[in-house]
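The lines below spell out each chain.
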2 protein chains.
Amino acid sequence: MQTNSEALENAETQNRLRDAGLRPTRQRIGLANLLFAGDCRHVTAEELFAEANAAALSVSLATVYNTLRQFVDAGLLREVLAEPGRAYFDTNISDHHHFFHVAEGRLEDVPADAVSIAKLPVAPAGANVERVDVIIRLNKA
Amino acid sequence: MQTNSEALENAETQNRLRDAGLRPTRQRIGLANLLFAGDCRHVTAEELFAEANAAALSVSLATVYNTLRQFVDAGLLREVLAEPGRAYFDTNISDHHHFFHVAEGRLEDVPADAVSIAKLPVAPAGANVERVDVIIRLNKA
DNA sequence: GTGATTGCAAATCTTTTGCACTAAA
DNA sequence: TTTAGTGCAAAAGATTTGCAATCAC
């Protein structure tokens, strides 16, 4: 059974995927609905896989990995490096930064206007600045 | 054969290790000499392992990994996250930031005074700022 | 001697890939 | 029907670990 709002959500999601050049398959729609349900989610592949299972979305772990990578390439997601050996995916693709709660392994958004970088070095010859990542690492007080 | 300057270097390295609470073993001394030969080196475990082999230092890859981790814990090295699935180790432990040449997978130091952060958000309740990492990601121009 | 360290191989963990099957257009 | 996408299992790559042998103190 599908409610009206779910149907609407799916239609929006399908358009979003199509606009990104991705076929709106059942798995991609399901994962996108999970990812973009809230405003700023930070998930690992394993976490999203667990959520999909909990939501009775039949999808393999390999497809979760592949889909996350495709979403990043398509500009729907941003990859955030906070810990060695584990990738976080951020549904907030606007310009912003992050707190990283080291003990919990948890990311938290910092709005772009909460950080102001007054001075940046010039890029070395032959190089262009692609992005400036600021990660504020946090400990328990 | 060992030259005088090598002997001196080893004595300094041994003190440095002892001060950090680590026994100055042959492997640790050898790796430390390689690491701290220059001012600001950025190496991966595999790179350091290759260097050790080239320098006829007999050490296993596992020991390279373990030693790097111990050096980080002891405050002799800093781990830098720039790429998913690969850890870089920085011999410069003073406050500074990084360029990351994405295409080459290469880190470059940015002196602390070349970046000025005019505004930072307050840490969430119960948390302390441990460190602020700034990584300037670079593309080919 | 005694406890820390090392080496090796095996284990672990995250992520990617090959290929037969299925689904979207 | 044609091409893209999926699932599974296997591979790949980075890193860690168990344990016997070795080294520093």
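Residues numbered from 1 in each chain as written. Chains lettered and ligands numbered in written order. Predicted model: local features only at pLDDT ≥ 70, side-chain atom pairs only at ≥ 80, totals over all residues. Heavy atoms only, no water.

Caption draft 1: Spatial organisation of the side chain of His96(B). All names here are of chain B. The residue His96 is located in strand 4 (residues 96–101) in this model. Taking the relative accessible area as the measure of exposure, His96 reaches 2% and is therefore buried. Looking at His96, its side chain comes within polar contact range of the side chain of His98, at 3.2 Å. Those residues within four positions of His96 in sequence are excluded, and the remaining contacts are Arg78, Asp90, Asp109, Val110, Pro111 and Ala112. (Helix = DSSP H or I, 4+ residues; strand = E, 2+ residues; numbered from the N terminus. Buried < 20%, exposed > 50% of the residue type's maximum accessible area, 1.4 Å probe, protein only. Polar contact = N/O pair within 3.5 Å; in protein donor to acceptor, adjacent residues only side chain to side chain. Contact = heavy atoms within 4.5 Å.)

Caption draft 2: Spotlight on the protein's contact with DNA strand D. Around DNA strand D, the surrounding shell holds 19 residues, and the nearest of these are Thr25(A), Gln27(A), Arg28(A), Thr63(A) and Tyr65(B). The share of sugar and phosphate among atoms of DNA strand D within 4 Å of the protein is 80%. In the environment of DNA strand D, a phosphate oxygen lies 3.2 Å from a nitrogen or oxygen atom belonging to the backbone of Ser60(A). Separating a phosphate oxygen of DNA strand D from a side-chain N or O atom of Arg86(B) is a distance of 3.1 Å. (Near = heavy atom within 4 Å.)

Caption draft 3: Expanded view of helix 4 (residues 61–73) of chain A. Here helix 4 of chain A is 13 residues long and its end C-alpha atoms lie 19 Å apart, about the 18 Å a rise of 1.5 Å per residue gives. Gly75(A) occupies a position one or two residues after helix 4 of chain A and carries a positive phi of about 85°. (Expected span 1.5 Å × (residues − 1).)

Caption draft 4: Spatial organisation of the interface of chain B and chain A. Taken together, the contact between chain B and chain A spans 38 residues of the former and 38 residues of the latter. Across the interface of chain B and chain A, roughly 3,200 Å² is buried in total on both sides, 61% from carbon and sulfur atoms. A salt bridge links Arg137(A) to Glu130(B), with the nearest nitrogen and oxygen atoms 3.7 Å apart. Linking chain B with chain A are 18 residue pairs in polar contact (both at pLDDT 80 or more). Those elements that provide at least two residues to the side of chain B that touches chain A are strand 2 (78–83), strand 4, strand 5 (106–111), strand 6 (116–119) and strand 7 (127–140) of chain B. Among the elements that take part in the side of chain B that touches chain A, strand 7 of chain B stands out by supplying 14 residues, more than any other. Tallied by class, residues from the side of chain B that touches chain A come to 23 nonpolar, 5 polar and 10 charged. (Buried area = accessible area lost by both parts, 1.4 Å probe. Salt bridge = Lys/Arg side-chain N within 4 Å of Asp/Glu carboxyl O. Nonpolar A, V, L, I, M, F, W, Y, C, P; charged D, E, K, R; others polar.)

Interpretation in functional terms is not warranted from these geometric data alone.
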